[in-house]
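Chain by chain, the residues:
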Amino acid sequence: MLATFLFHENFALAIEIIGTVAFATSGAFAAMQHRLDPFGVLIIAFATSVGGGTIRDLLLGVPVFWMHDMLICSVAFITTILAMIFKSIEKNFKNTLFIFDSLGLGLFTIIGVQKGISAGLHPVICITLGTITGCFGGVLRDILINRIPLLLRKEIYATACIIGGTTFLLLNNIPGIPKEFIQIITISIIVIIRIIAVKFKLHMPLIYQSDASD
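Everything numeric here is computed off the predicted structure, so don't read it as measured data.

A. How the structure looks around helix α5 (residues 123-144). With 22 residues, α5 extends 32 Å between its outermost C-alpha atoms, agreeing within 8% with the 32 Å of an ideal straight helix rising 1.5 Å per residue. By the largest-angle criterion, Cys135 marks the main kink of α5, which is about 35 degrees. Asn146 sits one or two positions beyond α5 and adopts a positive phi of about 65 degrees.

And the structure:
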C-alpha cells in the first residue's frame, strides 16, 4: 500500500518536473529568439514555467506552489541555464519552441484538471483549470516578448487542452484503469492534436475576412 502511494506521488512529481522543464525551455528559446539578454531569458523562462500554475492556485485560494517548493524554482533555473549553454547546438528555435511548448501544454493541463478534482469542483471548472494551467504560462511568455498569445490566435491551442481535459475526466470515471495510464494517454492526445493541427495547418474558424482596402 505504501509502495503504491509513493509510486503515485513520484509519478505526479515527475509530471510536474517534466512540465516545468518543457515550459522553461520553451520560454528560454522564445526569449533567445527575440535576442533578450541572459536576465531577460531567465525571467521569460520562469514566467512561462510557473505562470499557469500561479493563476490556478490564486483562483483556488491555495498557496502558490512555487513559493513553497524550491525544487520547482531550481528546475526552472537550471533548465534555463542549460538552454542558454546549448543554444549554439540548436539552430531551429521555432521547432524547439513548438515541441517543448506542446509537451508542457499537455503535462500542465493534466496537473490543473487533477487540482480541480482534488478540490471537489464541477467537471467543467476542472477542465477550465486545466486549460488555464496549460495555457497561461505561454500567454505570459508571449505578452512579455510583445506578440499576440497563441491562445488568442487561430491556432488550435486551448482547444487541445479542453479535449485532453475532457478525455481525462471520462477515462477517470472508468473503474480499473490505472491513473498513470490515463495521464499518459491524455498528455499524448494533447501533444498529438497540436502536432496534427500544425502539420496540416488546421485552425479555428475565422470570423474576419481580409479587407482589400486595408
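B. Here's a closer look at the nonpolar core. Core analysis: the largest hydrophobic core is formed by 14 residues, its most contacted members being Ile15, Leu107, Phe108, Val113, Phe168 and Ile187. Taken together, the elements giving at least two residues each to this core come down to α1 (2-33), α4 (93-118), α5, α6 (158-172) and α7 (179-199). With 5 residues, the top contributor of residues to this core is α4. Leaving out residues up to four positions away in the same chain, Ile187 has contacts with Ile15, Gly106, Leu107 and Ile110.

C. Geometry of the confidence of the model for the chain. Of all residues in the chain, 92% attain a pLDDT of 70 or more, and the chain-wide mean is 90. Taken element by element, the chain is modelled with least confidence in α1, mean pLDDT 84, and with most confidence in helix α2 (residues 38-60), mean pLDDT 97.

D. The arrangement of the environment of Glu155 in detail. As for its placement among the helices and strands, Glu155 is situated in the loop between α5 and α6. Residue class for Glu155 comes out partly exposed when judged on its relative accessible area of 29%. Taking the C-alpha atoms as reference points, Glu155 and Thr96, 59 residues apart in sequence, are found 17 Å from one another. Apart from residues no more than four positions distant in its own chain, Glu155 is found in contact with Leu150, Arg194, Val198 and Met204.

The rules behind these values
Residues numbered from 1 in each chain as written. Predicted model: local features only at pLDDT ≥ 70, side-chain atom pairs only at ≥ 80, totals over all residues. Heavy atoms only, no water. Helix = DSSP H or I, 4+ residues; strand = E, 2+ residues; numbered from the N terminus. Expected span 1.5 Å × (residues − 1). Bend = angle between axes of the 7 residues up to and from the residue. Core = buried A, V, L, I, M, F, W, Y, C linked by side-chain atoms within 4.5 Å. Buried < 20%, exposed > 50% of the residue type's maximum accessible area, 1.4 Å probe, protein only. Contact = heavy atoms within 4.5 Å. pLDDT = per-residue confidence, 0-100.

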